[in-house]
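Below, each chain spelled out in residue letters.
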Amino acid sequence: MVECETIHVLLIEDDFASAEIVKGLVGEESRTFKLEWLSHLQAGLDRLAGGGIDLVLLDFGLPDSEGLETFQRTHEHSPGVAIIPLTATGDEALALRAIQLGAQDYLFKGSINRQLLVRSMRYAVERKRGEEALRRAHDELEQRVKERTAELSAANDLLTEQIVERRRAEEELRRLSHRLVEVQEIERRNIARELHDEVGQVLTGLKLVIEMATRLPVEQVNDQCQKAQLLVNELMGRVRDLSLDLRPAMLDDLGLLHALLWHLERYSSQTGVRVTLAHTGVENQRLKSEIETAAYRIVQEALTNVARHAGVDEVKVNVSADAENLFVQVTDQGRGFDPQGALSAGESSGLAGMRERAQLLGGKLIINSAAGEGTSVNALLPLEE
Ligand SMILES: Nc1ncnc2c1ncn2[C@@H]1O[C@H](COP(=O)(O)OP(=O)(O)O)[C@@H](O)[C@H]1O
Ligand SMILES: [Mg+2]
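Quantities reported herein were computed from a predicted structural model and do not represent experimental measurements. (Residues numbered from 1 in each chain as written. Chains lettered and ligands numbered in written order. Predicted model: local features only at pLDDT ≥ 70, side-chain atom pairs only at ≥ 80, totals over all residues.)

Chemist: I'd like a description of the overall build of the protein, backed by residues and values.
Modeler: The secondary structure content of the protein amounts to eleven helices and twelve strands. Expected size for 385 residues packed as a compact globule is a radius of gyration near 21 Å; at 48 Å, the protein overshoots this value by more than 25%. Going through the 385 residues of the protein one by one, you find that 25% of them count as buried. (Helix = DSSP H or I, 4+ residues; strand = E, 2+ residues; numbered from the N terminus. Rg over C-alpha atoms; globule rule 2.2 N^0.38 Å. Buried ≥ 20, exposed ≤ 12 C-beta atoms within 10 Å, placed from the backbone.)

Structure (structure tokens):
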């Protein structure tokens with residue numbers, strides 16, 4: 001405690017003589033203590049409400065309050081102010097009870113002297129301050145514990161959310177893998193059919209031509225050989241087309257851009273739809289094989305849809321890569337459609353296939369289209385998962 005600090009003391013005491021004694025003793029220490037005196041508890045409480053009091057010297061037997069209750073009311077009213085009960089000599093039990101309830105000290109009226117009073121008042125104020133500091137520290141700690149608990153609980157909620165989200169993602173991945181197998185099976189069926197219908201037919205024709213050649217007179221065999229040669233040429237063409245549809249060797253050998261350039265040329269000559277290709281960031285680099293394949297297939301399917309459904313003779317393709325993503329976009333100004341409807345109708349295998357390819361690589365496919373508004377198919381494929 002700083003020596004020169006003034007301690008404001010409120011004496012609540014109805015006995016005139018006792019009050020005079022205390023006033024006299026405190027008056028000798030007027031540099032340190034300022035004393036105010038009131039004789040009723042209510043007046044004392046009103047004064048305390050005004051603030052500025054550090055310490056109450058409290059007589060327990062007042063005209064408007066008696067015994068321990070006097071202390072309790074004062075303490076409840078001003079819990080931050082130090083209280084020294086003034087009790088009748090011999091009433092030790094009452095004084096101790098007051099200490100237990102929060103009084104800082106007690107004095108027996110009959111045996112007060114100056115030294116005792118001053119020391120008791122100093123210590124009471126000091127002890128009260130210590131208690132208050134401790135209480136504040138405790139409150140702060142409590143508050144921090146509460147905050148930390150709330151933080152932990154929030155973190156826990158987040159973690160739970162992430163676990164749920166992750167389960168959902170795993171579930172989705174399983175579903176997609178399953179779909180992928182289905183899609184592969186469908187592709188195989190198509191190849192089988194094409195082999196049977198297209199290649200098989202020509203082979204049957206060739207067989208017939210050769211069989212006939214064995215039965216024809218020698219001078220007609222030459223003609224028959226020419227027929228066979230035409231069929232073989234056709235066969236070679238069909239097999240090459242089929243093989244290219246399955247997987248252009250270029251995609252493996254030269255990468256996405258070259259495979260696309262080659263495909264666009266073939267597409268334009270087969271469909272009559274002109275293609276404008278813009279590209280950035282993919283010229284001199286190879287991406288992961290599954291990303292190149294997905295991008296190629298998505299462009300291929302989107303272009304097929306343009307030729308089949310959009311009713312246009314022009315389409316734009318954009319392929320660009322930065323450090324994180326490969327972005328492909330196929331845009332036409334054609335008749336457009338309702339992508340949500342088409343996808344949820346459950347019949348679309350082309351659109352769903354594109355979306356699944358993108359999702360399997362952790363990317364996404366966004367189709368912007370509406371009747372009469374053209375169509376834009378956008379796929380974003382992350383380069384690193
Ligand atoms: N570029 C487009 N322009 C107009 N309609 C389209 C386009 N792409 C897709 N569609 C519509 O979406 C439907 C579903 O497409 P898709 O799943 O590829 O199936 P498919 O091409 O076999 O019909 C098509 O039947 C068509 O009506
Ligand atoms: Mg299609």
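Picking up where we left off.
Chemist: Quick rundown of the sheet that holds strand β2 (residues 33–38)? Include the residues and the values.
Modeler: Pairing is parallel across the open sheet formed by five strands, whose spatial order is β2-β1-β3-β6-β7. Looking at strand neighbours, the two that pair on one side only are β2 and β7 (107–108), the edges of this open sheet. Judged from the two bridges that link them, strand β6 (residues 82–87) and β7 form a sheet pairing that is parallel. Within the sheet, the bridge partner assigned to Leu-86 lies in β7 and is Leu-107. (Pairing = 2+ DSSP bridges.)

Chemist: I'd love a proper account of the sheet that holds strand β10 (residues 325–332), names of residues and values included.
Modeler: One open sheet holds the five strands; their spatial order is β8-β9-β10-β12-β11, and the pairing between them is mixed. Two strands bound the open sheet, and with one partner strand each, they are β8 (274–280) and β11 (364–369). Ignoring which end each strand starts from, the neighbouring axes of this sheet average 10° apart. Where β10 lies against strand β12 (residues 375–382), eight bridges are found, and the strand directions are antiparallel. The residue bridging Leu-326 from the neighbouring strand is Leu-381, located in β12. Here helix α9 (residues 289–310) sits on the sheet in contact with β9 (314–321), β10 and β12, set at roughly 10° to β10. (Axes fitted to C-alpha atoms, helices over the stretch in contact; angles between N-to-C directions. Contact = placed C-beta atoms within 7 Å.)

Chemist: Could you give an account of the domain arrangement of the protein, with specific residues and numbers?
Modeler: When cut into domains, the protein gives domain 1 (7–112) and domain 2 (248–385). When each unit is reduced to the centre of its C-alpha atoms, the spacing between domain 1 and domain 2 is 90 Å. (Domains from an automatic or database assignment.)

Chemist: Mind laying out the pairing of β10, listing which residues take part and the relevant values?
Modeler: Of all eight residues that make up β10, six are buried, and the element is covered over most of its length. Once β9 ends, the chain turns through three residues before running back antiparallel as β10.

Chemist: Could you give an account of the packing of helix α5 (residues 114–215) against helix α6 (residues 218–246), naming the residues involved and the relevant values?
Modeler: Between α5 and α6, whose axes approach to 9 Å, the crossing angle comes to 165°. Compared by their axis directions, α5 and α6 come out roughly antiparallel. By crossing handedness, the relation of α5 to α6 is classed as left-handed. (Parallel < 35°, antiparallel > 145°, perpendicular 65-115°, else oblique. Left-handed = near helix turned anticlockwise from the far one by under 90°.)

Chemist: Please set out helix α8 (residues 256–271) residue by residue, giving values where relevant.
Modeler: In this model, α8 (16 residues) spans 21 Å end to end at C-alpha, consistent with the 22 Å of a helix rising 1.5 Å per residue. Turning to α8, its buried residues number three or more, namely Leu-256, Ala-259, Leu-260, His-263, Leu-264 and Tyr-267. When α8 is viewed along its axis, its buried side chains cluster within an angular range of 135° and face the same direction. Along α8, the residues that are exposed and aim more than 90 degrees away from the buried face are Glu-265 and Ser-269. Buried residues along α8 sit in contact with α7 (249–253), β8, α9 and β9. A positive backbone phi angle near 80° is found at Gly-272, which sits one or two residues after α8. (Expected span 1.5 Å × (residues − 1). Arc of directions from axis to C-beta.)

Chemist: Describe the environment of Asp-252, listing the residues and the values that go with them.
Modeler: If you trace the backbone, Asp-252 turns up in helix α7. A count of 13 C-beta atoms within 10 Å places Asp-252 in the partly exposed class. Along the primary structure Asp-252 and Ala-137 are separated by 115 residues, whereas in three dimensions their C-alpha atoms are 70 Å apart.

Chemist: Now, about the pairing of strand β1 (residues 7–12): what can you tell me, with residues and values included?
Modeler: With five of its six residues buried, β1 lies for the most part within the structure. Taken together, the six bridges between β1 and β2 define a ladder with parallel strand orientation. Looking at β2, one finds that Leu-11 is bridged to Trp-37. Read from β1 through helix α1 (residues 16–27) to β2, the crossover connection turns out right-handed. In the sheet, β1 pairs with strand β3 (residues 55–59) via four bridges, with the strands oriented parallel. By the bridge assignment, Leu-10 is partnered in β3 with Val-56. (Right-handed = clockwise from strand over helix to strand, strands pointing away.)

Chemist: Any details on the packing of α9 against helix α11 (residues 350–360)? Residues and values, ideally.
Modeler: Two elements in contact, α9 and α11, have axes separated by 10 Å at closest approach and are oriented at 160°. Comparing the axis directions of α9 and α11 gives the class roughly antiparallel. The two elements α9 and α11 meet at a crossing, and its hand is left-handed. Across from Ala-294, Arg-297, Ile-298, Glu-301, Ala-302 and Asn-305 in α9, the residues of α11 making contact are Gly-350, Gly-353, Met-354, Arg-357 and Ala-358. Taken together, the residues of the contact of α9 with α11 break down into five nonpolar, three polar and three charged. (Nonpolar A, V, L, I, M, F, W, Y, C, P; charged D, E, K, R; others polar.)

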